[in-house]
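Here's the letter readout for the chains.
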Protein chains: 2
Amino acid sequence: MNVLVVYAHPKPDSLTGALKDVAVQQLRADGHQVRITDLYAMGWKAHADPDDFGVVEETNFMLASGAAYHNGTLSTDIRAEQENLLWADTVLLHFPLWWFSMPAIMKGWVDRVFTCGFAYGAGGNALPRYGAGVLAGRRAMLVVSIGGREPSYSDRGVNGPVDDLLFPIHHGILYYPGMDVLPPFLVYDTIRLGSERFDEVADDLRQRMSNLAKLEPIRYRPQGGGDYDRSLRLEPGREAKGASGFGLHAAS
Amino acid sequence: MNVLVVYAHPKPDSLTGALKDVAVQQLRADGHQVRITDLYAMGWKAHADPDDFGVVEETNFMLASGAAYHNGTLSTDIRAEQENLLWADTVLLHFPLWWFSMPAIMKGWVDRVFTCGFAYGAGGNALPRYGAGVLAGRRAMLVVSIGGREPSYSDRGVNGPVDDLLFPIHHGILYYPGMDVLPPFLVYDTIRLGSERFDEVADDLRQRMSNLAKLEPIRYRPQGGGDYDRSLRLEPGREAKGASGFGLHAAS
């Protein structure tokens with residue numbers, strides 16, 4: 001497999017950094033090709049702005065990103081990451097959960113690399129999405145370090161269920177341009193994680209890496225699969241009994 | 001009132017920029033004090049890293065941010081924003097919905113300004129949160145421009161319900177350090193928004209600004225209010241009939 005590891009932590013000696021190393025080592029030991037996008041190490045520019053586009057006539061910001069994509073004038077760092085995504089069979093995003101989402105630098109990787117024309121269309125130039133798109137046939141998985149304890153992220157936990165917190169990333173970012181999304185690898189209670197539990201977590205992660213190809217993706221519903229009406233609402237009666245909210249969009 | 005407007009769009013002539021101007025003009029006309037944090041214009045640094053902390057001995061990244069907060073060695077831009085938050089009665093976040101969340105530069109405002117010790121505690125130094133905390137007594141509201149159409153963000157819409165997409169911001173970022181969260185001001189279908197609808201939207205926004213003080217916040221449950229057990233799960237039977245997921249954490 002060709003595996004792209006996108007990694008965001010300001011400190012290489014962090015837990016997130018250590019787990020990234022564990023994953024990469026195991027993937028290479030298993031014979032896979034690995035590319036690492038180390039956002040902090042490469043000084044990734046986090047904020048999307050018109051400097052990303054080169055010279056384009058379009059003034060609307062979103063459409064300008066599409067024009068730059070089609071004209072080949074996107075900045076070099078963005079084009080390199082688009083090429084990495086097209087090269088990969090599997091994309092891993094390694095990050096700590098900061099304020100219930102990814103760190104800004106990784107959000108900036110998404111904002112800048114998933115341009116109009118590449119990852120999404122706009123207005124009259126809509127592209128296929130949700131289960132179809134430029135990254136169809138690829139698989140993606142999150143590896144997330146979470147400071148708090150697991151019960152507070154459970155079905156009734158005060159932070160909200162972790163599957164719902166991650167839905168905007170899983171479904172909204174990864175499934176949107178066509179990737180199949182594997183169940184995330186989550187490490188909780190990292191504030192109190194000692195060396196003994198680290199060894200257990202690292203073993204679990206090695207095993208997860210060696211089993212990547214066998215993992216079943218989350219069964220999100222393709223937008224073009226007949227489940228949605230013309231206004232893109234789920235047709236009545238398609239959902240599992242009791243499902244609601246984000247839960248409607250995964251088949252049971 | 002003292003109103004802090006935090007605004008993120010790379011182009012001043014964008015819809016988001018125009019609506020920010022409408023809001024600020026009305027607030028000032030109504031006699032309020034307004035400060036504007038224009039993240040792009042000020043060249044806000046989006047990525048959190050150890051340069052934010054000055055010289056601290058702590059090596060753990062999160063704890064280092066707490067040490068820098070307590071030592072007064074946080075970088076000047078971060079301290080200025082913490083001071084703005086303490087000055088404000090009301091905080092407005094103006095941004096376009098990019099990949100179902102805020103732009104990276106605004107996430108970087110949260111990641112860097114909401115430091116350990118200020119907005120949250122860690123481990124043995126937990127701070128009050130969810131309805132209590134450093135920003136208690138303040139109110140916050142999102143003003144969000146959304147490219148897609150409203151039905152696709154409704155209860156059964158393919159993107160997921162907008163209230164759930166915004167929950168990690170509303171509850172996880174704003175309510176967490178104690179702010180009351182007002183219902184968001186949302187503009188849909190911005191790709192197709194012409195000048196006539198702009199005028200209507202601007203009128204609605206002016207009215208919203210003039211009514212800010214009367215708006216009822218979302219009734220999230222305070223963590224310290226007796227609704228949660230020791231593992232921070234909602235006690236059985238507290239929720240409205242049929243509520244689940246994020247919906248558990250707002251009283252009906």
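Note that residues are indexed from 1 along each chain, following the sequence as it is written. Here every chain gets a letter starting at A, and every ligand a number starting at 1, in the order they are written. At least 70 in pLDDT is required for a residue's local features to be given in this predicted model, at least 80 for side-chain atom pairs to be given and counted, and no such filter applies to totals for whole chains, interfaces and linings, which use all residues.

**Topic: the overall build of chain A**
Only DSSP runs of H or I with at least four residues qualify as helices, and only runs of E with at least two residues qualify as strands; both kinds are numbered from the N terminus onward. Scanning chain A from N- to C-terminus turns up six helices and six strands. Each helix and strand of chain A, ordered N terminal to C terminal, gives the series β-α-β-α-α-β-α-β-α-β-β-α. The atom set for the radius of gyration is the C-alpha atoms, and the globule formula is 2.2 Å times the number of residues raised to the power 0.38. The globule rule puts the C-alpha radius of gyration for 252 residues at 18 Å, and the 19 Å found for chain A is close to it. Each of the three principal axes of chain A carries a C-alpha extent, and together these read 55 × 50 × 35 Å. Put plainly, a residue is buried at 20 or more neighbouring C-beta atoms within 10 Å of its own, exposed at 12 or fewer, and partly exposed in between, counting only other residues' C-beta atoms, which are placed from the backbone. Here chain A holds 252 residues, and the buried ones make up 49% of them. Throughout, a pair of residues is in contact if the C-beta atoms placed from their backbones lie within 7 Å. The contacts in chain A between residues at least 6 apart in sequence include a share of 75% that link residues at least 24 apart.

**Description of the domain arrangement of chain A**
Residues and elements named next belong to chain A. In terms of domain boundaries, chain A breaks down into domain 1 (2–220) and domain 2 (227–252). A straight line from the C-alpha centre of domain 1 to that of domain 2 covers 26 Å. The interface of domain 1 with domain 2 comprises six residues on the first partner and four residues on the second. Put simply, Ala, Val, Leu, Ile, Met, Phe, Trp, Tyr, Cys and Pro go in the nonpolar bin, Asp, Glu, Lys and Arg in the charged bin, and everything else, Gly too, in the polar bin. Partitioning the side of domain 1 that touches domain 2 into residue classes produces three nonpolar, one polar and two charged. Domain delimitation follows an automatic or database domain assignment.

**Some details on the packing of helix α3 (residues 76–87) of chain B against helix α4 (residues 104–113) of chain B**
Residue and element names in this part refer to chain B. Put simply, α3 and α4 touch, their axes get as near as 10 Å, and they point 90 degrees apart. In terms of orientation, α3 lies roughly perpendicular with respect to α4. Side by side, α3 and α4 meet where I78, E81 and Q82 of the first sit next to W109, R112 and V113 of the second. Interaxial angle, 0 to 180 degrees, is taken between N-to-C directions of lines fitted to C-alpha atoms, where a helix line uses only the stretch in contact. Any angle between 65 and 115 degrees counts as roughly perpendicular, while under 35 counts as roughly parallel, over 145 as roughly antiparallel, and the rest as oblique.

**So, the interface of chain B and chain A**
Contacts between chain B and chain A engage 55 residues on the former and 55 residues on the latter. Elements with a contribution of two residues or more to the side of chain B that touches chain A: α4 and α5 (162–175) of chain B. Examining the composition of the side of chain B that touches chain A, we find that seven residues originate from one element, α5(B), more than from any other. Its residues assigned to classes, the side of chain B that touches chain A comprises 29 nonpolar, 18 polar and eight charged.

**Focus: α4(B)**
Residue pairs three or four apart in sequence face the same way in an α-helix, which turns once every 3.6 residues. The buried count for α4(B) comes to 10 of 10 residues, which makes it a mostly enclosed element. Here α4(B) has its buried residues at A104(B), I105(B), M106(B), K107(B), G108(B), W109(B), V110(B), D111(B), R112(B) and V113(B). Among the structural elements, α4 (104–113) of chain A together with β1 (2–7), α3, β3 (90–96) and α5 of chain B are those in contact with the buried residues of α4(B).

**Observations concerning the pairing of strand β2 (residues 33–38) of chain B**
All names here are of chain B. Of the pairings in the sheet, the one linking β1 to β2 comprises six bridges and is parallel in character. From the neighbouring strand, Y7 faces β2, where its bridge partner is D38. Consider the strands pointing away from the viewer: the crossover is right-handed when the path from the first strand over the helix to the second runs clockwise. Regarding the hand of the β-α-β motif, the stretch spanning β1, helix α1 (residues 15–29) and β2 is right-handed. Pairing between strands is defined by DSSP: at least two bridges between the two strands are required.

**A look at the relation of the copies chain B and chain A**
Alignment of copies: least-squares fit on C-alpha atoms of residues with pLDDT of at least 70 in both copies. Laying chain B over chain A is done by rotating through 180 degrees and shifting 0.0 Å along the axis; what remains is an RMSD of 0.0 Å. Between the two chains, the operation in question is that of a two-fold axis. The rotation axis passes nearest to the C-alpha of A104(B) in chain B, at a distance of 2.4 Å.

**With respect to α1(B)**
Residue and element names in this part refer to chain B. For α1, with 15 residues, the first-to-last C-alpha span of 21 Å sits near the 21 Å given by 1.5 Å per residue. All of the buried residues along α1 are L15, T16, G17, L19, K20, A23, V24 and L27. Those residues of α1 that are buried lie in contact with β1, β2, β3, β4 (139–145) and α6 (195–210). Note on α1: the residue one or two positions beyond its end, G31, has a positive phi of about 90 degrees. Residue count minus one, scaled by 1.5 Å, sets the expected span of a helix.

**Brief notes about the confidence of the model for chain A**
A residue-level look at chain A finds 100% of positions with pLDDT of 70 or above and a mean pLDDT of 96. Here the predicted complex carries an ipTM of 0.97, next to a pTM of 0.98. Per residue, pLDDT measures the predictor's confidence, with a range of 0 to 100.

**Description of the environment of A213(A)**
Within the fold, A213(A) resides in the segment after α6 (195–210). Spatially, the C-alpha atom of A213(A) lies 9.1 Å from that of T90(A), the residues being 123 residues apart in sequence.

**Description of the environment of G226(B)**
In this structure, G226(B) sits in the segment after α6. Placed 211 residues apart in sequence, G226(B) and L15(B) show a C-alpha to C-alpha distance of 43 Å.

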